[in-house]
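# Fold and geometry: a report
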Amino acid sequence: MEKPKKKTVLLFYCVETEELARKVAAQSNFIQLQSINWRSFDDGFPNLFINNAHDIRGQHVAFLASFSSTSVIFEQLSVIYALPMLFAASFTVVLPFFPTGSFERMEEEGDVATAFTLARMLSNIPISRGGPTSVVIYDIHALQERFYFGDTVLPLFETGIPLLKQRLHQLPESDKIVVAFPDDGAWKRFHKLLDHFPTIICNKVREGDKRYVRIKEGDPAGCHVVIVDDLIQSGGTLIECQKVLAAHGAAKVSAYVTHGVFPKKSWERFLHKNDETEKAFTHFWITDSCPLTVKSIANKAPFEVLSLAGSIADALQI
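Now for a quick tour of the structure. Just so you know, these numbers come straight off a predicted model, no measurement behind them. (Residues numbered from 1 in each chain as written. Predicted model: local features only at pLDDT ≥ 70, side-chain atom pairs only at ≥ 80, totals over all residues. Heavy atoms only, no water.)

## Details of the side chain of E75
Inclusion rule: Labels follow the DSSP assignment, with helices taken as runs of H or I lasting at least four residues and strands as runs of E lasting at least two, numbered in each case from the N terminus. Between buried and exposed lies partly exposed: a residue is buried under 20% and exposed over 50% of the maximum accessible area for its type, with that area taken using a 1.4 Å probe on protein chains only. In this charge count, Lys and Arg are treated as positive and Asp and Glu as negative; neither His nor the chain ends contribute. Here a salt bridge means any side-chain nitrogen of Lys or Arg lying within 4 Å of a carboxyl oxygen belonging to Asp or Glu. The contact criterion used throughout is that any non-hydrogen atoms of two residues lie within 4.5 Å.
Mapped onto the elements, E75 comes out in helix α2 (residues 70-82). It is R39 that comes nearest to the buried, bridge-free E75 among opposite-charge side chains, at 10 Å. What E75 contacts, discounting residues up to four positions off in sequence, is W38, P46 and L48.

Now the structure itself:
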């Protein structure tokens, strides 16, 4: 079967994702960067302008978003709602990190499931001439959130795990790598993508008022153990996992998360400051789904950024 011809895509981006957008464009001659004037009125509300709007007519258009804070969501949604109405042939929104993903449950009356709210907002993107908008998201926190989106958009759920697998195969003694999951949720999410590696599953147990991490199954002795999860906030769980794995004989412990959120500079807990911290995490891999974090941890061991640029470029051709 003959492969379909590649389409030219006009890629717009927000201020935070400019560096990633340039990397995406560098992956293919079929991706052309476009610009938006991100201005504000004196009262602080957005004063936005899409440059060369007439050139969008009949073109495949995409927008690379980053909802890192509530203050930037409104201005980006304003652009996202406007672009498909400029007679675009198709429209794709790439939101690498779905930031409300860990707030998907109502545990008692009065809780607000903000993940559902954000999915609603994205589901109301106007259709383009080519039909519904495609929404590309990487490693969404709760798999059931794919059902939060309405029928007016086409959510495409991708993963950063292939980047990790490629990096692990580049390491010396890659045959001694074991993948550890910090809980059953991470195992359910990723184990099929990493089933050619031996695995360890950890879990949290409650003893009185305290919760401890324990090894549920698997043996880390003598191995390079890589803890895998979708995102990190304070990092407390990963640190506790590392301690348990080291206590059970792991030769090295590294970590991978797709989304390095790290609020309040919590990434500082993992820096190589002395011999003790170097023994803690040999490598810490994240993707560039959270651009502000990427800037903060640049050239700081043990962090290494695995770029989603190639994967995003491929997704824009779907």
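## Here we look at α2
Convention followed: By definition here, a helix of n residues has an expected span of 1.5 Å times n minus one.
The terminal C-alpha atoms of α2 lie 19 Å apart, and with 13 residues this matches the ideal 18 Å at 1.5 Å per residue to within 8%. Within α2, the full set of buried residues consists of V72, I73, E75, Q76, L77, V79 and I80.

## What about the environment of W187?
Secondary-structure assignment places W187 in helix α5 (residues 184-190). With a relative accessible area of 28%, W187 lands in the partly exposed category. For the pair formed by W187 and V228, sequence separation is 41 residues and the distance between their alpha carbons is 8.7 Å. The contacts of W187, once residues within four sequence positions are left out, are F181 and I201.

## Regarding a nonpolar patch on the surface
Basically, it comes down to this: Each patch is assembled from residues with relative accessible area greater than 30% and no salt bridge, linking like charges that lie within 9 Å and nonpolar side chains (Val, Leu, Ile, Met, Phe, Trp, Tyr) that lie within 5 Å. To measure how exposed things are, a 1.4 Å probe is used in the Shrake-Rupley method; for residues, cover is taken only from the protein chains shown.
Together, F41, F45 and F74 line one region of the surface with nonpolar side chains, adding up to about 340 Å² of accessible area. Here F74 shows up in helix α2.

## Quick look at the pattern of salt bridges
A side chain with one charge can pair with a side chain of the opposite charge if their charged atoms come near. With the rule as written, the count across this model stands at 7 salt bridges. Between D184 and K216 there is a salt bridge, with its nearest N and O atoms 3.2 Å apart. Here D184 is found in helix α5, whereas its partner K216 is found in strand β11 (residues 210-217), with 32 residues between them in sequence. Assessed through its relative accessible area of 29%, D184 is described here as partly exposed. The exposure class of K216 is partly exposed, given its relative accessible area of 44%. With its nearest N and O atoms 3.7 Å apart, the salt bridge here joins R189 to D229. Taken together, the residues span a long stretch of sequence, with R189 in helix α5 and D229 in strand β12 (residues 224-232) at a distance of 40 residues. Neither residue differs from the other here; R189 and D229 are each classed as buried. Connected via shared salt-bridge partners are R189, D229 and D230.

## Some details on the environment of G218
Mapped onto the elements, G218 comes out in the loop between β11 and β12. Relative accessible area serves as the criterion here: at 43%, G218 is assigned to the partly exposed category. As for G218 and V178, which are separated by 40 residues in sequence, their C-alpha atoms are 9.2 Å apart.

## Observations regarding the nonpolar core
For the record, the criterion: Throughout this description, the term nonpolar core refers to a set of buried Ala, Val, Leu, Ile, Met, Phe, Trp, Tyr and Cys residues connected via side-chain atoms within 4.5 Å.
V24, V228, I312 and L316 are the most contacted members of the largest nonpolar core, which totals 36 residues. Apart from residues lying up to four places away in sequence, L316 is in contact with K7, V9, L11, V24, I31, A62, T92 and V94. Counting residues in hydrophobic clusters, the runner-up holds 29 residues, among them I36, I73, L122 and F149.

## Some thoughts on the pairing of strand β10 (residues 199-207)
For the record, the criterion: We treat two strands as partners when DSSP finds at least two bridges between them.
Bridge count between strand β9 (residues 177-181) and β10: 3 bridges; the pairing is parallel. Along β10, the bridge assignment pairs A180 with I200. Two strands pair when backbone bridges link them, and β10 and β11 are joined in this way by 7 bridges, in the antiparallel orientation. Bridging from a neighbouring strand, N203 pairs with R214 of β11. The turn joining β10 and β11, which pair antiparallel and follow one another in sequence, is formed by 2 residues; a positive phi near 70° is taken by G208.

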